[in-house]
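# Summary of structural features
This is what each chain is made of:
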Amino acid sequence: QVQLVESGGGLVQSGGSLRLSCAASGRTLDHYVTGWFRQAPGKEREFVLAIRRSDGAIYYTGSVKDRFTISRDNARNTVYLQMNSLKPEDTATYYCASRSRPFYSETYYGESSYDYWGQGTQVTVSS
């Protein structure tokens, strides 16, 4: 059974920090790359960061401007998203997702490129 469970969301003040966790179950090969997406009310789901399980290579777009960091603990089958200097515009439901194969023609920032999804965890940043 392949499952992703997010945790660590909550309410924080602007400028604060929060660390999200994504616990993965199932076969290791089902989680070749694990990434984070977020979706704010009335907005489309957008890519945040992703990481390759084997060597820790990071996939990014630069939109978070070095405020966020992704990491993984393979022994615990967990991927983390460390969020610093949080802003109200970071408020969203955060989802983790895994892809089971290396990227070919697919983009690492595309929602359709991932095979498995968690239920999400809410992050709210107050002014």
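Here, every reference points to the structure presented above.
These numbers were taken from a predicted model, which means no experiment stands behind them.

## Regarding the sheet that holds strand 8 (residues 78–83)
Working definition: the strands of a sheet are paired by backbone hydrogen bonds and lie parallel or antiparallel to each other. Strand order in the open sheet formed by 4 strands is 1-3-8-7, with antiparallel pairing between adjacent strands. If you trace the sheet from one side to the other, it starts and ends with strand 1 (3–7) and strand 7 (68–73), each paired once. The average angle at which neighbouring strand axes cross in this sheet is 15°, direction not considered. Across 6 bridges, strand 7 lies against strand 8 in antiparallel orientation. Counterpart to Arg72 in the pairing with strand 8 is Val79.

## Thoughts on the environment of Ser54
With respect to the helices and strands, Ser54 occurs in the loop between strand 5 (46–52) and strand 6 (58–60). Judged by relative accessible area, Ser54 falls into the exposed class, the value being 58%. With 22 residues separating them along the chain, Ser54 and Tyr32 place their C-alpha atoms 7.3 Å apart.

## Quick word on the pattern of salt bridges
Taken as a whole, this structure holds 8 salt bridges when the rule is applied. Here Asp90 makes a salt bridge to Arg38, at a shortest N to O gap of 2.9 Å. One end of the pair, Asp90, is in the loop between strand 8 and strand 9 (92–99); the other, Arg38, is in strand 4 (residues 33–39), with 52 residues separating them in the sequence. For Arg38, a relative accessible area of 11% puts it in the buried group. One salt bridge in this structure joins Arg67 and Asp90, with 2.8 Å as the shortest N-O distance. Here Arg67, found in the loop between strand 6 and strand 7, pairs with Asp90, found in the loop between strand 8 and strand 9; they are 23 residues apart in sequence, far enough to count as distant. Asp90 gets classed as buried once you look at its relative accessible area, which sits at 1%.

## Let's talk about the nonpolar core
In this structure, Leu20, Trp36, Val48, Phe68, Leu81, Met83 and Tyr94 are the most contacted members of the largest nonpolar core, which totals 21 residues. The contacts of Leu20, once residues within four sequence positions are left out, are Ser7, Gly8, Gly9, Trp36, Val79, Tyr80, Leu81, Met83, Tyr94, Thr121 and Val123. Counting residues in hydrophobic clusters, the runner-up holds 7 residues, among them Val33, Phe37, Ala50 and Ala97.

Cut-offs applied
- Residues numbered from 1 in each chain as written.
- Predicted model: local features only at pLDDT ≥ 70, side-chain atom pairs only at ≥ 80, totals over all residues.
- Heavy atoms only, no water.
- Pairing = 2+ DSSP bridges.
- Helix = DSSP H or I, 4+ residues; strand = E, 2+ residues; numbered from the N terminus.
- Axes fitted to C-alpha atoms, helices over the stretch in contact; angles between N-to-C directions.
- Buried < 20%, exposed > 50% of the residue type's maximum accessible area, 1.4 Å probe, protein only.
- Salt bridge = Lys/Arg side-chain N within 4 Å of Asp/Glu carboxyl O.
- Core = buried A, V, L, I, M, F, W, Y, C linked by side-chain atoms within 4.5 Å.
- Contact = heavy atoms within 4.5 Å.

So yeah, pure geometry; function would need other evidence.
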